[in-house]
Structure formats: structure tokens, C-alpha cells
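The residues making up each chain are set out below.
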Amino acid sequence: MCADGRIHKAFDEAAALRVIERLKAEKIEAVAVSFLWSIVNAAHELQMAALLDRHLPGCPIRSAIRINPTVREYRRTSSWRIDASLSRS
């Protein structure tokens with residue numbers, strides 16, 4: 001995603017699914033998703049969160065843009081990390 005919200009490269013669902021398989025193998029307890037330019041175009045971040053929801057049922061999935069839709073990735077990232085860690089089952 002570009003800083004102005006244009007899509008630089010299409011969302012790679014196959015690559016995302018490989019990441020999800022790795023997360024399953026690691027037996028993760030929560031996932032927080034934060035993509036750098038989601039503040040101007042959240043499409044890819046939301047696609048990843050939707051895939052995670054489908055493939056990791058019962059696992060808390062948090063999207064930074066939904067938790068704290070503010071400029072500056074550090075603020076978004078800090079918010080969702082705290083939320084995801086508190087949401088573990």
C-alpha cells in the first residue's frame with residue numbers, strides 16, 4: 001500500500017495463508033494485525049484479519065485500524081498489542 005492509499009501490490013492471499021499455517025503450527029494464542037499504511041487504505045489489513053478469523057477460529061484477532069484508527073503506526077501498534085494480549089483465551 002502506498003502512503004496515499006494507492007495499492008502498490010495486490011494482496012497476496014497465498015502468502016497470507018502460508019503465514020497463517022505457520023501461526024497454527026506455533027500454537028499462537030492471539031494475533032494483532034497492523035499494516036503500515038492502513039490509516040489511508042485499510043483494505044489489505046482487513047483482508048488479513050478476515051483470513052485469520054476464518055482460519056484461526058476461537059483465536060482473538062485484532063486489527064489495529066479497528067482498535068485505534070489514528071495516524072502514526074506506533075500508537076496503533078501499541079494499542080492493538082495491548083488489546084490482543086489482554087484478549088487471550
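Residues numbered from 1 in each chain as written. Predicted model: local features only at pLDDT ≥ 70, side-chain atom pairs only at ≥ 80, totals over all residues. Heavy atoms only, no water.

1. Points about the overall build of the protein chain
Part 1 of the argument: On a plain count of helices and strands, the protein chain comes out with four helices and two strands.
Part 2 of the argument: In sequence order, the protein chain lays out its α and β elements as α-β-α-β-α-α.
Part 3 of the argument: Summing over all exposed atoms, the protein chain offers an accessible surface of approximately 5,900 Å²; the carbon and sulfur share of this is 53%. (Helix = DSSP H or I, 4+ residues; strand = E, 2+ residues; numbered from the N terminus. Areas by Shrake-Rupley, 256 points an atom, 1.4 Å probe, with all protein chains shown as cover.)

2. What about helix H2 (residues 43-55)?
Part 1 of the argument: A rise of 1.5 Å per residue sets the reference length of H2, with its 13 residues, at 18 Å; its end C-alpha atoms lie 18 Å apart and thus fit the reference within 8%.
Part 2 of the argument: Looking at H2, one finds that the buried residues are His44, Glu45, Met48, Ala49, Leu51 and Leu52. The arc that holds every buried residue of H2, seen down its axis, measures 160°, which confines them to one face. (Expected span 1.5 Å × (residues − 1). Buried < 20%, exposed > 50% of the residue type's maximum accessible area, 1.4 Å probe, protein only. Arc of directions from axis to C-beta.)

3. Regarding the pattern of salt bridges
A pair can form between side chains of opposite charge whenever their charged atoms are brought close.
Part 1 of the argument: Under the defined criterion, the tally for this structure stands at two salt bridges.
Part 2 of the argument: Linking arginine 6 and aspartate 4 is a salt bridge whose minimum nitrogen-to-oxygen distance equals 2.7 Å. Note on accessibility: arginine 6 and aspartate 4 belong to one class, exposed.
Part 3 of the argument: Between lysine 24 and glutamate 21 there is a salt bridge; the shortest N-O distance is 3.4 Å. Taken together, the positions of lysine 24 and glutamate 21, both in helix H1 (residues 13-25) and three residues apart, correspond to about one turn of that helix.
Part 4 of the argument: Take lysine 24: its relative accessible area is 34%, and that puts it in the partly exposed class.
Part 5 of the argument: Among the residues examined, glutamate 21 registers a relative accessible area of 45% and is labelled partly exposed. (Salt bridge = Lys/Arg side-chain N within 4 Å of Asp/Glu carboxyl O.)

4. Describing the packing of H1 against H2
Part 1 of the argument: At a minimum axis separation of 10 Å, H1 and H2 run at an interaxial angle of 45°. In terms of orientation, H1 and H2 fall into the oblique class. The handedness of the crossing between H1 and H2 comes out as right-handed. Within the contact between the two elements, H1 uses Glu13, Ala16, Leu17, Val19, Ile20, Leu23 and Lys24 and H2 uses Met48, Leu51, Leu52 and His55.
Part 2 of the argument: Of the residues contributing to the contact of H1 with H2, the split by class is eight nonpolar, one polar and two charged. (Axes fitted to C-alpha atoms, helices over the stretch in contact; angles between N-to-C directions. Parallel < 35°, antiparallel > 145°, perpendicular 65-115°, else oblique. Left-handed = near helix turned anticlockwise from the far one by under 90°. Contact = heavy atoms within 4.5 Å. Nonpolar A, V, L, I, M, F, W, Y, C, P; charged D, E, K, R; others polar.)

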